[in-house]
Amino acid sequence: MKHTACPCCKGVDLEDFFTIRNAPTQSLVTIKNRDEALAIPRSDIVLTFCNQCGFIFNSEFDTSIDYFTQGYEDQQGFSPTFVKFLAGVSERFIEKYGIRNKQVVEIGCGKGDFLNLFCKIGGNRGVGIDPAWVPGRGEENPDVRFIKEFYAEQHGEIRPDCITCRHTLEHIHDTHGFMQTIRNSVKASSPVLSFEVPCIVRILDIQAFWDIFYEHCTYLSPGSLARLFRSTGFEVLDMYLEYDNQYLFIEAKPVGKPSDKIHPMEESVAELKAKTRVFVEKINTQLGEWRERLERFKADGKKVVVWGGGSKSVGFLTQFDDIGVIAHVVDINPHMKGNFIPGIGKQYVTPDFLAEYKPDVVIVMNSVYMAEIQKSLADRGLHPEMLGL
Ligand SMILES: [Zn+2]
């Protein structure tokens, strides 16, 4: 079903600018056999630009699919690089707003890794709210509890001093409705909010096609994110990029009258639109170069693996699986072992498997992990050619 109005501002002056045909509609669902993995429905991703507010979204997104309650594997806490990053941003945020011994709510807390860490560092009490939460996957902390539900207005009764929401907004189609629910829920309190989303500006600037996949229906920039927050009754306190400019952070607070405070990082609608034009000009070259490279590996009989499961690998393999050169996908999350990649049908393997397989080429789905992965391979006596996204 084609969405004909902008989910953020309800504007109807929309423009489609990039399409990925037949993408698997799910990338993080846990699947235990190949046939089921290949049977995941496919659908087009149509990136659409709102000329009124600069919001970018998949206008073909099917809101009727259940993405989160059928087993959803999104835990990143197995990487030391990632844990260090999370601890760093948490410490800075806690320091900045004095969030110690406070009540924290995390919307979309996943398995609770971040909330546990955040509460530990700041001596805070936490409530994590997420339909995909599963018990027994995080460390026990008497000050942290979980509610296995979607966030709703009544959760405001927790009266949080701080609301965090990491990598959730990009999965939400009705962004305006979601932010409105949060605004309505905090009528009686005045929490500071910290949200984190992938930044579309970087995706456009470097044509990061692997970061475009079906489960992300929403693609935010500093400008469109700030405008969304202001239009739903929040004031932007700060914004910044982290993790090699991949992740965009916004800090905000609820306000009584509409805020007109603009952050210096915000780009205009016209500026973002110009970036979509450059992306369209360059993306086919980028895809062509990768295809050529992979076809050459195949012709040379190279053993090629992808390191890093999850959505990026689905985004990458959606483009190139037909070449048939990528034999395996490695992931360090032990809960992924034995699972099959939705839509692709390959089975995840652990790093130990590579010691036997001895790949010639490892394509790393996130260059942030390059050093960590190189060490992991070297520890197993492996020194393959490394390519990073
Ligand atoms: Zn709009």
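Please read all numbers here as calculations on a predicted model, not as lab measurements. (Residues numbered from 1 in each chain as written. Predicted model: local features only at pLDDT ≥ 70, side-chain atom pairs only at ≥ 80, totals over all residues. Heavy atoms only, no water.)

Q: Describe in detail the coordination of the zinc ion, supporting the description with residues and values.
A: Here the zinc ion is held by the protein donor atoms Cys6 (SG), Cys9 (SG), Cys50 (SG) and Cys53 (SG), which lie 2.3 Å from it. Note that the zinc ion binds four donor atoms; their angles at the metal cover 102 to 115°, and the shape is tetrahedral. Read in sequence order, the donor residues for the zinc ion give the motif C-x2-C-x40-C-x2-C. Note that cysteine 9 is positioned in the segment before β1 (14-24) and cysteine 53 in the loop between β2 (42-50) and β3 (56-58), a separation of 44 residues in sequence. (Donors = N, O, S within 2.8 Å, 3.2 Å for Na, K, Ca; no water. Tetrahedral: all angles 85-135°; square planar, octahedral: opposite > 155°, others 65-115°. Helix = DSSP H or I, 4+ residues; strand = E, 2+ residues; numbered from the N terminus.)

Q: Explain the domain arrangement of the protein residue by residue, including any values.
A: Here the protein is described as being made up of domain 1 (14-58), domain 2 (80-271) and domain 3 (272-388). Computed over C-alpha atoms, the centres of domain 1 and domain 3 are 20 Å apart. Each side of the interface is counted separately: domain 1 has 24 residues, and domain 3 has 20 residues. Across the domain 1/domain 3 interface, buried area totals approximately 1800 Å², and carbon plus sulfur atoms make up 64% of it. (Domains from an automatic or database assignment. Contact = heavy atoms within 4.5 Å. Buried area = accessible area lost by both parts, 1.4 Å probe.)

Q: A description of the pairing of strand β7 (residues 162-166) should follow, citing residues and the corresponding values.
A: Looking along a regular strand, one sees the side chains alternate between the two faces of the sheet. Counting buried positions over the five residues of β7 gives five, a clear majority of the element. Strand direction decides the pairing type here: strand β4 (residues 103-107) and β7, joined by three bridges, are parallel. The partner of glutamate 106 across the bridge, within β7, is threonine 164. Note on the crossover from β7 through helix α4 (residues 175-185) to strand β8 (residues 192-198): the handedness is right-handed. (Buried < 20%, exposed > 50% of the residue type's maximum accessible area, 1.4 Å probe, protein only. Pairing = 2+ DSSP bridges. Right-handed = clockwise from strand over helix to strand, strands pointing away.)

Q: Give a detailed account of unusual backbone geometry, specifying residues and quantitative values.
A: Positioned with a positive phi, glutamine 207 is a non-glycine residue whose angle comes to about 50°. Relative to the elements of secondary structure, glutamine 207 occurs in the loop between α5 (200-205) and β9 (218-219). With phi around 60°, tyrosine 243 is a residue other than glycine that occupies positive phi space. Structurally, the position occupied by tyrosine 243 is in the loop between β10 (234-242) and β11 (247-254).

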